[in-house]
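# Remarks on the overall topology
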Amino acid sequence: MRRSLRHILLLALPVLFGAGCNGDDSPTAPLPRQDVLTLTRITPADGASIPRGQTTQVDAVFHYEFATAARGSLAVIVLGPGAFLDAGTLAQLDSRAGDVSVALGVRVPSGSTGDSVSVRFALAPEGATTTTVSVAVNYRVAT
C-alpha cells in the first residue's frame, strides 16, 4: 500500500506543479525574440556640448537584428529645446542583421531656448506601424 501511494504521488507531482502552465506561459518557456538595436560608436559622444546656431555632424555606427521582420529601416527623431527639430529615415536595412553607419546634421536654432537636445534612433521593421526598439543620445546645448 505504501509503495503504490508513493507511485501515485510521484506520478501526480508533474500534474500538480504543471497546472496552469500552458504552452508559452511556462516559466521555462523561451522568451519571444525581440528586435535589437545597439549603438556601437557615436561622435560627438553622449553628453557632449553642441553649439547653438550651428550644425553639428553626428556620426554613428549601430548593430541591428530583426526578429519580427526580414528587413526594415533606421529612423531618427531629434527633439530640441522645447521643440521637435527633425525626423526621418536614415537608412534602409535590407538584411535581418548587420552593422550600419549613419551621419546626420543636428542644428539647434540660434533663437531657441533650452539646454539639451535628444537624438533618438529607432528600428522600424518592415510592415510594422511603430518602431520596436530605440537608442537615445543626449547633448548639452552651448550658448
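Rules and cut-offs
- Residue indices begin from 1 for each chain and proceed along its sequence in written order.
- Only residues with pLDDT of at least 70 get local features here, since the model is predicted, and only at 80 or more are side-chain atom pairs given and counted; chain-wide, interface and lining totals rely on the full set of residues.
- The basis for every side-chain value is the complete set of non-hydrogen atoms in the structure, without hydrogens or water.
- For two strands to pair, DSSP has to find at least two bridges joining them.
- In this description a helix means any DSSP run of H or I spanning at least four residues, a strand means any run of E spanning at least two, and both kinds are numbered starting from the N terminus.
- Take a side-chain nitrogen of Lys or Arg and a carboxyl oxygen of Asp or Glu: if they are within 4 Å of each other, that pair is a salt bridge.
- Relative accessibility under 20% of the residue-type maximum defines a buried residue, over 50% an exposed one, and the middle range a partly exposed one, all with a 1.4 Å probe and only protein chains included.
- The predictor reports its confidence for every residue as pLDDT, a score running from 0 up to 100.
- Contacts are assigned to residue pairs that have any heavy atoms within 4.5 Å of one another.

## A closer look at the pairing of strand β3 (residues 55-65)
Sheet analysis places strand β1 (residues 36-43) next to β3, joined by 7 bridges and oriented antiparallel. Within the sheet, the bridge partner assigned to I42 lies in β3 and is A60.

## With respect to the pattern of salt bridges
Summed over all chains, the structure comprises 1 salt bridge. With a closest N to O distance of 3.2 Å, R71 and E126 form a salt bridge. Within this pair, whereas R71 is found in the loop between β3 and β4 (72-80), its partner E126 is found in the loop between β7 (116-125) and β8 (133-142), the two being separated by 55 residues in sequence. Look at R71 and you get partly exposed, because its relative accessible area is 35%. Residue class for E126 comes out partly exposed when judged on its relative accessible area of 48%.

## Side note on the environment of T113
Mapping T113 onto the fold places it in the loop between β6 (97-107) and β7. Here T113 falls in the exposed class, since its relative accessible area comes to 62%.

## Here we look at the confidence of the model for the protein
Of the residues in the protein, 76% have a pLDDT of 70 or more, and the chain-wide mean is 82. Here helix α1 (residues 2-18) is the element of the protein with the lowest mean pLDDT, 40, and β1 is the one with the highest, 97. Within the model, the stretch residues 1-20 combines pLDDT values under 50 with 2 contacts to residues more than four positions away or in other chains.

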